[in-house]
Amino acid sequence: MKKLQLDSKINDILNCIHAGVLYCENDEHSTILYANDYFYTIVGYSKEEIQTLFQNRFADMVIDDVSEILVDVAASIERGEDLDFEFRMRHKDGREIWIHDTARYDKETNCFYVTIMDITYMKQMEYEKERLHQYLEYLPNKIVISDVHGEISYKNSQARQCSYFDPSAKYIHDLVDKHIIGIKFEDALNITKLGQNATYETRFKNESGFIGHDLNYLVPIYDKQSKQLNYMQVSENLISNSDTLTKFPARGMFEKYYEKLMGYEELDNVHLCIIDIDDFKNINDSYGHLIGDYAIIHTANKLANIMDPKDYICRFGGDEFLFLMVGKDIACVKHKLQRFMEQGVMDIHGQVVHISYSIGIASTNCKRITYQKLLQEADDMLYRVKESGKGRILSCGD
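Nothing here was measured: the structure is a model prediction, and the numbers come from that model.

Draft legend 1. The pairing of strand β2 (residues 32-35), seen in detail. One ladder, built from 3 bridges, connects strand β1 (residues 20-25) with β2; its direction is antiparallel. The residue bridging Tyr 23 from the neighbouring strand is Tyr 34, located in β2. Where β1 folds back on β2, the antiparallel hairpin that results is connected by 6 residues, among which Ser 30 adopts a positive phi of roughly 50 degrees.

Draft legend 2. Structural view of the environment of Asn 26. Here Asn 26 is to be found in the loop between β1 and β2. Considering only alpha carbons, one finds Asn 26 and Asp 380, 354 residues apart in sequence, at a separation of 95 Å. When sequence neighbours within four positions are dropped, the list of residues in contact with Asn 26 reads Ile 77, Tyr 105, Asn 110, Cys 111 and Phe 112. At 3.0 Å, the side chain of Asn 26 forms a polar contact with the side chain of Asn 110.

Draft legend 3. Examining the nonpolar core more closely. Counting residues in each nonpolar core, the largest one holds 31 residues, and the members touching the most others are Ile 275, Phe 323, Leu 337 and Ile 359. For this core, the elements supplying multiple residues, two or more each, are β12 (270-277), α10 (280-287), α11 (289-305), β14 (320-326), α12 (330-341), β15 (345-348) and β17 (357-363). Formed by 28 residues, the second largest nonpolar core is a distinct cluster that contains Leu 22, Phe 39, Val 66 and Ile 97.

Draft legend 4. Seen up close, a nonpolar patch on the surface. A surface patch of nonpolar side chains, about 350 Å² in accessible area, is lined by Tyr 121, Met 122 and Met 125. Residue placement: Met 125 occurs in helix α5 (residues 120-138). Residue classification places Met 125 among the partly exposed residues on the basis of a relative accessible area of 45%.

Draft legend 5. The environment of Gln 376, seen in detail. You can see Gln 376 is positioned in helix α13 (residues 371-387). Counting along the chain gives 213 residues from Gln 376 to Ser 163, while the straight-line C-alpha distance between them is 39 Å.

Draft legend 6. Quick peek at the sheet that holds strand β13 (residues 312-315). With mixed pairing, the 5 strands of this open sheet are ordered in space as β13-β14-β12-β17-β18. Of all the strands in the sheet, just β13 and β18 (393-395) have a single pairing partner and so form its edges. Taken over all neighbouring pairs, the strand axes of this sheet differ in orientation by 15 degrees on average, direction set aside. By the bridge criterion, 7 bridges tie β12 to β17 in an arrangement that is antiparallel.

Draft legend 7. Fine view of the sheet that holds strand β4 (residues 96-106). Ordered by their spatial adjacency, 5 strands build an open sheet running β2-β1-β5-β4-β3, and the pairing between neighbours is antiparallel. Single-partner strands in this sheet number two, and they are β2 and β3 (83-90). Pairs of neighbouring strands in the sheet enclose a mean axial angle of 30 degrees, with direction left out of account. Of the strands in this sheet, β3, β4 and β5 (111-118) touch helix α4 (residues 66-79), which is tilted by about 160 degrees from β3.

Quick notes on the rules
All chains use their own residue numbering, which begins from 1 and follows the written sequence. In view of the model being predicted, local features appear only for residues whose pLDDT reaches at least 70, and side-chain atom pairs are presented and counted only at 80 or more, with totals across whole chains, interfaces and linings using the full set of residues. Computation of side-chain values covers all heavy atoms of the structure but excludes hydrogens and water. DSSP calls a pair of strands paired once it identifies at least 2 bridges connecting them. Per the convention used, a helix needs a DSSP run of H or I reaching at least four residues, while a strand needs a run of E reaching at least two, with both numbered from the N terminus. Whether two residues are in contact is decided by their heavy atoms: any pair within 4.5 Å suffices. Whenever a nitrogen or oxygen atom comes within 3.5 Å of another N or O atom, the pair is scored as a polar contact, on the condition that within protein one atom can donate a hydrogen and the other can accept it, and that pairs from neighbouring residues in sequence are kept only if both atoms are in side chains. Definition used in this section: a nonpolar core is a set of buried Ala, Val, Leu, Ile, Met, Phe, Trp, Tyr and Cys residues joined via side-chain atoms within 4.5 Å. Between buried and exposed lies partly exposed: a residue is buried under 20% and exposed over 50% of the maximum accessible area for its type, with that area taken using a 1.4 Å probe on protein chains only. Two joining distances apply to patches: 9 Å for like charges and 5 Å for nonpolar side chains (Val, Leu, Ile, Met, Phe, Trp, Tyr), and every residue must have over 30% relative accessible area and no salt bridge. Shrake-Rupley sampling with a 1.4 Å probe provides the accessible areas, and residues are treated as covered by the protein chains on show and by no other component. Salt bridges are defined by distance alone: a side-chain nitrogen of Lys or Arg within 4 Å of a carboxyl oxygen of Asp or Glu. For helices, the axis comes from a line fit to the C-alpha atoms of the stretch in contact; other axes are also lines fit to C-alpha atoms, and the angle between any two N-to-C directions lies between 0 and 180 degrees.

Geometric values such as these leave the question of function open.
Below is the structure:
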């Protein structure tokens, strides 16, 4: 076996390095001629144990297929390149440890100068990161992660494939701002800065009506020092739980939204409108149920077009809709609804159908009123409209 004489000072320096430093022969066993103290710390064996148990054969301590590594070593030597490998070794306590091995070949002595580092923790982190990535990719929810400045760093497959998410959006604000309901995104962000999860809905529509409606959770992500690193938006698709014909939210969601408005410290003026298609049975009987469905869809689309960001809507029954109009005076509400009523002409493949509406309105006047009470007041107004000839709008106080 070749001997390597080291100056005592150099030996001290090598033993103080927190990496394994070795000098190995270029043979099939990568026989160890020298190893510093930290190498023995990495593998858990003493110098004497490695001599006795492994005859200083470094390759015998490697778990992975050494023959494949040796082929790559020979090719690297042929190209005159330094070696750079990752492989697994067995620690004395039975653990598998991951090793990053870099080496330079010395042609004159046919030996390698080797440096090894224990990268087990890094490999575990990579594994956990990959496993987390797989979890996020296969979740049915849309996941968007941004840094603390809102710049998007990750979207899972559901978010990437979402037809109504803007693919060019670089910031999470760009995805949310124009579509958030009942709260400003900046306010939601401020909630997460206080360490709490923020909840909000987003609604996406085009000229044909609703194309997306999500319930979102904005979650702060921290490091070990409790410093906020990221925000994660988890979006649940509500369209699948909505009315199949209009894509409007279910009645339960409508009521929850009203209760949320009533829970705010500063109350907006809220108007609950019940909108009824006049003589809907006659439309079905005269034109057929398919045209009746078109009448409902036509009504839904026209209502969606007059909605403001804080407004909310649902299909109440067969031909009735509930509409919350928020933060407006009653004159503005009636003006919007009057414009809607004037768009009651429906052309289906050249067949013109005229639709009229009866609307009852009840208002909170910035007071806390229960949902059931306000709904009953609006229903009373609707009843009065129908009793007096239909086709008009009536609010409490008229």
